[in-house]
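Listed below are the residues making up each chain.
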Amino acid sequence: MNRVRQGIVFSIHFVRHGETQANKEQKIQGHLDIPLSATGETQASQAGMRLKDIQFSRAYTSDLSRAHATCQIILRHNCCPPNIVVDSRLRERNFGSVEGVHIDVVKMQAASEGLTWPQYNPPGAETLGDLQARMAKFFKELCQSVYDKNKDKLLDWSEDSMMEEAEINGKLEEEPQEGERNGLENMEALLEKSVVESVLVVGHGAALKQLFTHIHSTLGCPIPPSHPHPNPLTLISPNTGISEYLVRYSPKKYDLHCVRLHDGCHLQES
């Protein structure tokens with residue numbers, strides 16, 4: 001017999017910051033605090049126009065100026081913008097000794113050790129595992145925060161449509177087992193349910209890439225079947241690229257639907 005669970009549905013729009021001069025010059029930025037270029041400001045405004053009809057209830061950004069400025073510019077197009085919450089966990093990866101270095105030089109350093117750039121961990125750099133862990137912690141705490149604020153708007157659904165987290169020694173794991181799939185069977189039903197909040201999160205390329213890997217590979221969110229790239233999790237979002245998710249959440253339970261991933265259509269509009 002199916003058990004009925006209660007939870008909330010909300011949307012998240014993740015946006016990478018606009019272009020900087022370092023992006024244009026193909027230099028690794030990491031924790032270097034490099035501001036938006038004029039092009040980056042234009043891109044942020046284009047993203048803001050694309051998102052202008054979404055009434056965001058929350059907005060989060062990293063503490064680096066390129067992300068914070070992008071968030072501010074996006075919200076200028078919003079009719080009732082929320083206050084911006086700065087969270088240092090959304091920072092770009094610390095790239096250690098290669099910050100400020102051209103990507104071609106970094107690739108040569110990686111090759112000298114028999115590695116490709118994605119597998120190379122420069123001296124003093126944050127590991128990909130540590131990066132993904134801090135981004136995953138941010139995401140889980142965000143989901144719980146939205147749930148706690150909206151407990152009076154709980155919705156019912158069958159346990160069969162939820163991802164169960166495994167129990168070990170009477171305690172639930174922090175996340176579901178890797179590779180587990182949630183398999184939403186009726187997305188139309190989810191879309192018809194009340195979205196209690198719309199959240200904007202502005203961050204950085206490598207950091208968001210690790211969060212998307214967590215969402216899709218660990219939490220089991222399917223890749224949109226219409227995505228043109230065979231493996232979009234290997235990509236970095238373009239500057240101000242938009243990735244949108246619907247999240248159905250109750251404590252220890254996730255159902256996720258990716259509406260779009262790395263969407264840069266607004267950059268083609270003039």
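Model, not experiment: these values are computed from the prediction.

Visitor: Looking at this structure, how should I read the overall build of the protein?
Guide: Secondary structure assignment for the protein yields 7 helices and 10 strands. Within the structure as shown, the protein displays about 12,600 Å² of accessible surface, and the carbon and sulfur contribution to it stands at 49%.

Visitor: Please clarify how helix α2 (residues 38–50) should be interpreted in this entry.
Guide: Every α-helical turn comprises 3.6 residues, leaving residues that sit three or four positions apart pointing alike. The first and last C-alpha atoms of α2 sit 19 Å apart over 13 residues, in line with the 18 Å expected at 1.5 Å per residue. Among all positions in α2, only Gly40, Gln43, Ala44, Ala47 and Gly48 are buried. Angularly, the buried residues of α2 cover 145° about the axis, an arc narrow enough to put them on a single face.

Visitor: I tried to follow the packing of helix α5 (residues 128–149) against helix α7 (residues 205–218) on my own but got confused; where do I start?
Guide: For any two helices packed against each other, the geometry is given by the interaxial angle and the distance between the axes. The geometry of α5 relative to α7 is characterised by a closest axis approach of 8 Å and an angle of 70° between their N-to-C directions. Regarding the angle of α5 to α7, the classification is roughly perpendicular. Of the residues in α7, those touching α5 at Leu128, Leu131, Gln132, Met135, Ala136 and Phe139 are Ala206, Ala207, Leu208, Gln210, Leu211, Thr213, His214, Ile215 and Thr218. Looking at the contact of α5 with α7 residue by residue, the class counts come to 10 nonpolar, 5 polar and no charged.

Visitor: How should the environment of Arg93 be read in this particular structure?
Guide: Mapped onto the elements of the fold, Arg93 is located in the loop between β3 (84–86) and α4 (103–112). With a relative accessible area of 3%, Arg93 lands in the buried category. Separated by 112 residues in sequence, Arg93 and Gly205 place their C-alpha atoms 8.8 Å apart. Within the structure, the side chain of Arg93 is placed 2.7 Å from the backbone oxygen of Glu126, a separation counted as a polar contact.

Visitor: So what exactly am I meant to see when it comes to the state of the cysteines here?
Guide: Disulfide: a covalent bond formed between the sulfur atoms of two cysteine residues. Under the criterion given, the structure shown has 0 disulfides. The thiol sulfur of Cys79 is not disulfide-bonded, and the nearest other cysteine sulfur, from Cys80, lies at 3.9 Å.

Visitor: Where do I start with the nonpolar core in this structure?
Guide: Generally speaking, soluble globular proteins have nonpolar side chains that are buried together. Judged by nonpolar contacts, the single largest core of 32 residues is most densely connected at Phe10, Ile12, Phe14, Phe139 and Val201. Elements represented by at least two residues in this core include exactly β1 (4–16), α5, β8 (195–203), α7, β9 (242–250) and β10 (253–263). Take this core: its biggest share by element is 8 residues, from α5. Within the second largest apolar cluster, 13 residues are counted, among which are Ala59, Ile74, Leu75 and Leu200.

Visitor: Please explain the packing of aromatic side chains as it appears in this structure.
Guide: Note on aromatic pairs: each is described by the distance of the centres and the angle between the planes. Applying the stated rule across the entire model yields 9 aromatic pairs. Both rings, one in Phe14 and one in Tyr245, keep their centres 5.9 Å apart while their planes meet at 75°; by these two values the pair is edge-to-face. Residue Phe14 is located in strand β1, and its partner Tyr245 is located in strand β9; the two are separated by 231 residues in the primary sequence. Taking relative accessible area as the criterion, Phe14 reaches 1% and is therefore assigned buried. Accessibility expressed as a relative area gives 1% for Tyr245, which makes it buried. Relative to Tyr254, the ring of Phe139 lies with its centre 6.1 Å away and its plane at 15°, an arrangement referred to as stacked. Of this pair, Phe139 sits in helix α5 while Tyr254 is found in strand β10, placing the two residues 115 residues apart along the sequence. By the burial criterion, Phe139 is buried, and Tyr254 matches it. By the ring-pair criterion, three or more aromatic residues cluster together here, those being Phe139, Tyr147, Tyr249 and Tyr254.

Visitor: Would you mind going over the side chain of Asn78 with me for this structure?
Guide: Note on placement: Asn78 falls in the loop between α3 (65–76) and β3. For Asn78, a relative accessible area of 6% translates into the label buried. Of note is the side chain of Asn78, whose polar atom sits 2.5 Å from the backbone oxygen of Ile54.

Visitor: In this structure, what is going on with unusual backbone geometry? I would like to understand it.
Guide: Across residues other than glycine, the phi torsion is negative in most instances, and most of the peptide bonds are trans. One non-glycine residue with positive phi stands out, namely Gln26, at about 60°. By secondary structure assignment, the location of Gln26 is in the loop between α1 (21–24) and α2. Gln26 gets classed as partly exposed once you look at its relative accessible area, which sits at 47%. Even without a glycine there, the phi angle at His262 is positive, about 60°.

Cut-offs used in this document
- Residues numbered from 1 in each chain as written.
- Predicted model: local features only at pLDDT ≥ 70, side-chain atom pairs only at ≥ 80, totals over all residues.
- Heavy atoms only, no water.
- Helix = DSSP H or I, 4+ residues; strand = E, 2+ residues; numbered from the N terminus.
- Areas by Shrake-Rupley, 256 points an atom, 1.4 Å probe, with all protein chains shown as cover.
- Expected span 1.5 Å × (residues − 1).
- Buried < 20%, exposed > 50% of the residue type's maximum accessible area, 1.4 Å probe, protein only.
- Arc of directions from axis to C-beta.
- Axes fitted to C-alpha atoms, helices over the stretch in contact; angles between N-to-C directions.
- Parallel < 35°, antiparallel > 145°, perpendicular 65-115°, else oblique.
- Contact = heavy atoms within 4.5 Å.
- Nonpolar A, V, L, I, M, F, W, Y, C, P; charged D, E, K, R; others polar.
- Polar contact = N/O pair within 3.5 Å; in protein donor to acceptor, adjacent residues only side chain to side chain.
- Disulfide = S-S within 2.5 Å.
- Core = buried A, V, L, I, M, F, W, Y, C linked by side-chain atoms within 4.5 Å.
- Phe/Tyr/Trp six-rings, centres within 6.5 Å; stacked < 30°, edge-to-face > 60°.

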